[in-house]
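Structural features, examined
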Amino acid sequence: MKTAFLFAGQGSQHPGMGADLYEKYHEFRRVFDLLTDEEKEAAFNGSAEALSDTRITQPVMVAMELGIAEILSGLGIRADVAAGLSLGEYSALAYSGVFTFEEAVNIVRIRGRAMAEASKGIDCGMAAVLGLSPEDVIECCEKASRDTGSMAEAVNFNCPGQIVVSGEAEAVTRACEIAKEAGAKRTMPLPVSGPFHTGFMEPASKVLAEVFAETEFGKPEIPVITNVMGKTLEEGEDIAANLVRQVKSPVLFQSSLENMEKDGTDVFVEIGPGKALSGFVRKTCAKGVKIFNVETAEDIENLVEKLKEIR
């Protein structure tokens, strides 16, 4: 049995997340207390709008995910390989030992601010397009950009039939209209506050480059599948350069899952709020793989019992 931890990205956050874990597990509290009082208040008691501010979302999500990973480690549940969707890649890298948990929270706090700054003045949008091929969605974005004189790009290749487009709101809306005309099953707006993974994030990538120039990277203790490449970094490949590219480049999550399965991964544990990544696994991997998601104390108890049954 080979186990992957999949760390959730932005868009799945919701008020109240992590509150039961904070109350029950000292391992979770130790990590979650790396957050500021403002960030914790937003997680436990804030509005959905406040929590979707990327400056708040990013440190809160990473702290929650690493807190859950610490609980699982204390219960003897460890991953053989890790990956994360966009922001979740930082959780995966910290879990693998590339960053300390404190470094990870601090870095994504800077990342969130830099991405918010890069988004200023841009009427932006993101949406998931269901039921079209990657080539079709790319074509829809190109046509929408021409029609509107603004920009939309295909940025998250999540699983067969689900691709996220990002950019300026007018172009994203038009891309969704064109996608429906081309036969898309549906389109879904996503609750984010910037045109993430597009060329608009170039200023944020420069900020990250400066941060990483002062950061000492550890060697990964387990393989981490990267968003930009959809596979593990090879010996000698630069983690910092990969993360600088990641903020402004498409996320190849379907390829990541396919490569993990090809390498023998048969148990996938989604860590963080929501079940989006579990859905991507179901649509990408063979039916025989085991899929779990962990967000609450009850989820952790269920995971322990289910793993006992299959081990």
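Described in the following lines is the structure provided in the data block. Not measured: the values here are computed from a predicted model.

On to the overall build of the protein, then. Regarding its fold elements, the protein presents 14 helices and nine strands. Counting every position in the protein, which comprises 311 residues, the buried fraction comes to 56%. Contacts in the protein between residues far apart in sequence, at least 24 positions, make up 75% of those at least 6 positions apart. In the protein, which carries 31 positive and 48 negative side-chain charges, the distance between the mean positions of the two groups comes to 4 Å.

This part covers the pairing of strand β3 (residues 124-130). Within β3, six of the seven residues are buried, which leaves the element mostly enclosed by the surrounding structure. Looking at chain direction, β3 and strand β5 (residues 162-168) are connected through seven bridges and run antiparallel. Looking at the pairing, Ala128 lines up with Val164 of β5. Sheet topology places β3 next to strand β6 (residues 186-189); four bridges connect them, and they run antiparallel.

Let's shift gears to the environment of Ala104. Mapped onto the secondary structure, Ala104 falls in helix α7 (residues 101-119). Sequence-distant contacts of Ala104, that is, excluding residues within four places in its chain, are made with Val62, Leu66, Tyr90, Ala94 and Phe99.

The sheet built from five strands is open, its strands ordered β7-β2-β1-β8-β9 with parallel pairing. The outermost strands of the open sheet, each flanked by one partner alone, are β7 (224-225) and β9 (290-294). The sheet strands contacting helix α13 (residues 276-284) are β1 (3-7), β8 (267-271) and β9, and the helix crosses β9 at an angle near 170°. Packed onto the sheet, helix α14 (residues 297-310) meets β8 and β9 and runs at close to 160° relative to β9.

Here the focus is the environment of Glu65. Here Glu65 is to be found in helix α5 (residues 54-74). It is 9.2 Å that separates the C-alpha atoms of Glu65 and Phe28, two residues lying 37 residues apart in sequence. Apart from residues no more than four positions distant in its own chain, Glu65 is found in contact with Phe7, Ala8, Gly9, Gly88, Ser91, Ile271 and Gly272.

Right, let's talk about the packing of helix α6 (residues 88-96) against α7 for a bit. One can describe the packing of α6 onto α7 by two numbers: an axis separation of 9 Å at closest approach and a directional angle of 160°. On the basis of the axis angle, α6 is roughly antiparallel to α7. The two elements α6 and α7 meet at a crossing, and its hand is right-handed. Packed against α6, whose contacting residues are Tyr90, Ala94 and Tyr95, the element α7 presents Phe101, Ala104, Ile107, Val108 and Arg111 at the interface. Its residues placed into classes, the contact of α6 with α7 shows seven nonpolar, no polar and one charged.

Taken together, the side chains of Glu135, Asp136, Glu139 and Glu142 define an acidic patch exposed on the protein surface. Within the secondary structure, Asp136 is located in helix α8 (residues 134-148). We classify Asp136 as partly exposed; its relative accessible area is 34%.

Sheet architecture is open: four strands sit in the order β4-β5-β3-β6, paired in antiparallel fashion. With partners counted over all chains shown, the strands left at the sheet margins are β4 (152-159) and β6, one partner each. Each neighbouring strand pair of the sheet contributes to a mean axis angle of 25°, computed without reference to strand direction. Strands in contact with α13 are β4 and β5; relative to β4, the strand with the most contacts, it is inclined by about 70°.

Moving on, we come to the packing of aromatic side chains. In the structure shown here, the tally under the stated rule is 11 aromatic pairs. Ring centres of Phe28 and Phe32 lie 5.0 Å apart, and the angle between their planes is 20°; on these two criteria the pair is classed as stacked. On the criterion of helical spacing, the pair formed by Phe28 and Phe32 is a turn pair, its members being four residues apart in helix α2 (residues 26-32). Here the two residues Phe28 and Phe32 agree in accessibility, since each one is buried. An aromatic cluster of three or more residues is present, and its members are Tyr22, Phe28, Phe32 and Phe44.

It is worth spelling out unusual backbone geometry at this point. You will see that Ser86, though not glycine, has its phi angle at about 55°, which is positive. A residue is classified by how much of its surface remains accessible, and Ser86, at 12% relative accessible area, is buried.

When we look at burial in α13, the residues that qualify are Leu277, Ser278, Gly279, Phe280, Val281 and Thr284. Contacts from the buried residues of α13 go to β1, β4, β5, α12 (253-262), β8 and β9.

Moving on to the pattern of salt bridges. It is possible for side chains bearing opposite charge to pair when their charged atoms get close. Counting across every chain of the model gives 13 salt bridges. Across the salt bridge formed by Lys2 and Asp263, the nearest N and O atoms sit 2.7 Å from each other. Of the two residues, Lys2 sits in the segment before β1 while Asp263 sits in the loop between α12 and β8, which places them 261 residues apart along the sequence. The class for Lys2 is partly exposed, based on a relative accessible area of 23%. Glu117 is the partner of Lys120 in a salt bridge, and the nearest nitrogen-oxygen pair spans 3.2 Å. Look at Glu117 and you get partly exposed, because its relative accessible area is 49%.

Cut-offs and rules
Residues numbered from 1 in each chain as written. Predicted model: local features only at pLDDT ≥ 70, side-chain atom pairs only at ≥ 80, totals over all residues. Heavy atoms only, no water. Helix = DSSP H or I, 4+ residues; strand = E, 2+ residues; numbered from the N terminus. Buried < 20%, exposed > 50% of the residue type's maximum accessible area, 1.4 Å probe, protein only. Contact = heavy atoms within 4.5 Å. Lys, Arg positive; Asp, Glu negative; His and termini not counted. Charge placed at Lys NZ, Arg CZ, Asp CG, Glu CD. Pairing = 2+ DSSP bridges. Axes fitted to C-alpha atoms, helices over the stretch in contact; angles between N-to-C directions. Parallel < 35°, antiparallel > 145°, perpendicular 65-115°, else oblique. Left-handed = near helix turned anticlockwise from the far one by under 90°. Nonpolar A, V, L, I, M, F, W, Y, C, P; charged D, E, K, R; others polar. Patch = residues over 30% accessible without salt bridge, like charges linked within 9 Å, V, L, I, M, F, W, Y side chains within 5 Å. Areas by Shrake-Rupley, 256 points an atom, 1.4 Å probe, with all protein chains shown as cover. Salt bridge = Lys/Arg side-chain N within 4 Å of Asp/Glu carboxyl O. Phe/Tyr/Trp six-rings, centres within 6.5 Å; stacked < 30°, edge-to-face > 60°.

Honestly, it's all geometry; don't read function into it.
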